[in-house]
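Examination of the molecular architecture
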Amino acid sequence: MSARGRARREYCRCRRRVSVDLRVDGLAADHDPVRRRSGGVDSHPAARQGRAGIGEVTLGGRFHRLFGATLVSSVGTGMHATALPLLALQSTSGPIALSLVVVAAELPWVLASLHAGVVVDRLDRRRVMVWADLGRFAVLVALVALILTSRVDLLVLVFAAFLLGLGQVFFDVAAQSAIPDFVSRDPGSLATANGRITAAESVGEDFAGPPVGSALFGVGNFLPFAGNALSFAASGLLILSIRTDAEPEEKSDVPRESVWTDIVEGVRWLVGNRTLRALAVVSCLGNVVVTAQFAMLVLLAKEVLGLPDSGFGLLLTATAVGATAGGLAAAAAAKRFGPGAVLLTGKAGVGAAVLVLGLAADAWVAAAMMMVTGALMTAEKVVVSTLRQRIVPRGLLGRVLSSSRLVVMAGGPVGAALGGVLAGAFTVQVPYVAGGVLLILVALAFYPVLNNRALARATDEPVG
């Protein structure tokens, strides 16, 4: 069977599954007086969405365990993200060594993300997350042992950073693909779940983790890594306790396709779907601008705003505050205004905030703009994740997600390079002004594809 035929069959199977769930829910309501009084079939989230918009969402215990696992592991990730560069400087004391460690942590997204998508689509996603946590736990235990025995060198740090990044690739792709298994595919549940997961990541990686990691490093340089190992162990146990309603993959005598064939199928699904293709391009362009913004932020803070080192940290904190608020408010905003309005207004709003950053010379204005940027970027991320989970069939979600992530992350190095070139050739404000104007134009250019009406059609119709 062709790749398109398999995708259509998977899509139809998912639609039939939702239909059966609704019929069963209706039959149960007919025999349950409490549910009859509460509205019968209309009490089902998908039915409420069809008749009166997104109602009050209850995500259930399975999601709360995933949320707890995400929060715990995000705190650990924030701890080691702060401590690893400190350990690199302590062990090697050179900027080149530090850059190698950072590159090693990011490299797995380029090398392994597409393969991770295949693994996530072929195996139990919950177990992929558990194995990713277990692998990272083992890496950190080994690193702690090497630190305690004074055997850490640049090669060890680069190898550890790469393995930890590799584990994060598999965990992130599996977690995003598994959310519809833990909740449901109706817009209200998905948007709320994605928003809370994103907020948990922001709290852990940007608020709690970094200060705890730096404080523990001051007490003992092995402590942040030991703490992160414990966080991965706790995360793995929480995820292992989750049971899902996802149907096991059907047994077939037909030989399994090759890994490369599966990768190509996911890429073709992304490229062949007008909405997903537009979301990937818009997100990539946004990453170009935002990476340039953060790459030049320390120069803007010192040369234009006249802030000390602590003031630069406060700008980052303002971004994290906005990101947390944006994640928690994204579902309500999508319900009130529609996903297209949130996405396009958010993109234009980020552009306006970045533009003001390049024109203003006041630290308070800059902090407010960083907060706005964090909130709108996170709201966009929640909307994009929810749309992708609704459009893509379950059996393809891992591969389409990993392909999209690869496209988006390609904008990072481009943005960092362009930011440096423009700041060096002109002034540090120029990358902000140019990037802000670009994002406003991007929002206008993609309006025909990503407005509310177009997205409503895209989430209701299969792609042939």
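Above this note sits the structure.
The following paragraphs examine the structure supplied in this document.

**A word on the overall build of the chain**
When its secondary structure is counted, the chain shows 19 helices and zero strands. Across the 464 residues of the chain, 46% fall into the buried class. The long-range share in the chain, meaning contacts at least 24 apart out of those at least 6 apart in sequence, stands at 85%. Taken as a whole, the chain presents about 21,200 Å² of accessible surface, with 66% of it coming from carbon and sulfur.

**What to know about the packing of helix H4 (residues 60-92) against helix H8 (residues 187-219)**
Interaxial distance between H4 and H8 falls to 7 Å at its minimum, and their mutual angle equals 35°. Crossing angle aside, the handedness with which H4 passes H8 is right-handed. Here the residues of the contact of H4 with H8 sort into 18 nonpolar, eleven polar and three charged.

**Some remarks on unusual backbone geometry**
Unlike most non-glycine residues, Ser-150 shows phi in positive territory, near 60°. What makes Ser-150 exposed here is its relative accessible area of 68%.

**Observations regarding helix H11 (residues 274-295)**
An ideal rise of 1.5 Å per residue puts 32 Å on 22 residues; H11 measures up with 32 Å between its terminal C-alpha atoms. The distance from a side-chain oxygen at the start of H11 to the backbone nitrogen of Thr-275 is 3.0 Å, and the residue carrying that oxygen is Asn-273.

**Remarks on the side chain of Thr-459**
In this structure, Thr-459 sits in helix H19 (residues 452-460). Side chain to side chain, Thr-459 and Arg-390 meet in a polar contact 3.4 Å long. Of the polar contacts made by the side chain of Thr-459, one reaches the backbone oxygen of Ala-456; its length is 3.2 Å.

**Considerations on the environment of Leu-444**
Checked against the element boundaries, Leu-444 lands in helix H17 (residues 430-445). Residues Leu-444 and Leu-344, spaced 100 residues apart in sequence, show a C-alpha to C-alpha distance of 7.9 Å.

**Quick notes on a positive patch on the surface**
On the surface, Arg-274, Arg-277, Arg-453 and Arg-457 cluster together to form a positively charged patch. Looking at the positive patch, the elements that each hand over two or more residues are H11 and H19. Examined against the element boundaries, Arg-277 turns out to sit in helix H11.

**Quick look at the packing of H11 against helix H14 (residues 339-359)**
As a packed pair, H11 and H14 sit with axes 11 Å apart at the nearest point and diverge in direction by 20°. By the angle class used here, H11 and H14 are roughly parallel. Seen along the crossing, H11 lies across H14 with a hand that is left-handed. Facing H11, whose interface residues are Leu-279, Val-282, Gly-286, Val-289 and Gln-293, H14 presents Leu-343, Lys-347, Val-354 and Leu-357. A per-class count over the contact of H11 with H14 returns six nonpolar, two polar and one charged.

**Regarding the pattern of salt bridges**
Scanning the entire structure with this criterion turns up twelve salt bridges. A salt bridge links Lys-381 to Glu-201; its shortest N-O distance comes to 3.6 Å. Of this pair, Lys-381 sits in helix H15 (residues 363-391) while Glu-201 is found in helix H8, placing the two residues 180 residues apart along the sequence. In this structure, the salt-bridge partner of Arg-399 is Asp-262, at a minimum N-O distance of 3.7 Å.

Cut-offs used in this document
- Residues numbered from 1 in each chain as written.
- Predicted model: local features only at pLDDT ≥ 70, side-chain atom pairs only at ≥ 80, totals over all residues.
- Heavy atoms only, no water.
- Helix = DSSP H or I, 4+ residues; strand = E, 2+ residues; numbered from the N terminus.
- Buried < 20%, exposed > 50% of the residue type's maximum accessible area, 1.4 Å probe, protein only.
- Contact = heavy atoms within 4.5 Å.
- Areas by Shrake-Rupley, 256 points an atom, 1.4 Å probe, with all protein chains shown as cover.
- Axes fitted to C-alpha atoms, helices over the stretch in contact; angles between N-to-C directions.
- Left-handed = near helix turned anticlockwise from the far one by under 90°.
- Nonpolar A, V, L, I, M, F, W, Y, C, P; charged D, E, K, R; others polar.
- Expected span 1.5 Å × (residues − 1).
- Polar contact = N/O pair within 3.5 Å; in protein donor to acceptor, adjacent residues only side chain to side chain.
- Patch = residues over 30% accessible without salt bridge, like charges linked within 9 Å, V, L, I, M, F, W, Y side chains within 5 Å.
- Salt bridge = Lys/Arg side-chain N within 4 Å of Asp/Glu carboxyl O.
- Lys, Arg positive; Asp, Glu negative; His and termini not counted.
- Charge placed at Lys NZ, Arg CZ, Asp CG, Glu CD.
- Parallel < 35°, antiparallel > 145°, perpendicular 65-115°, else oblique.

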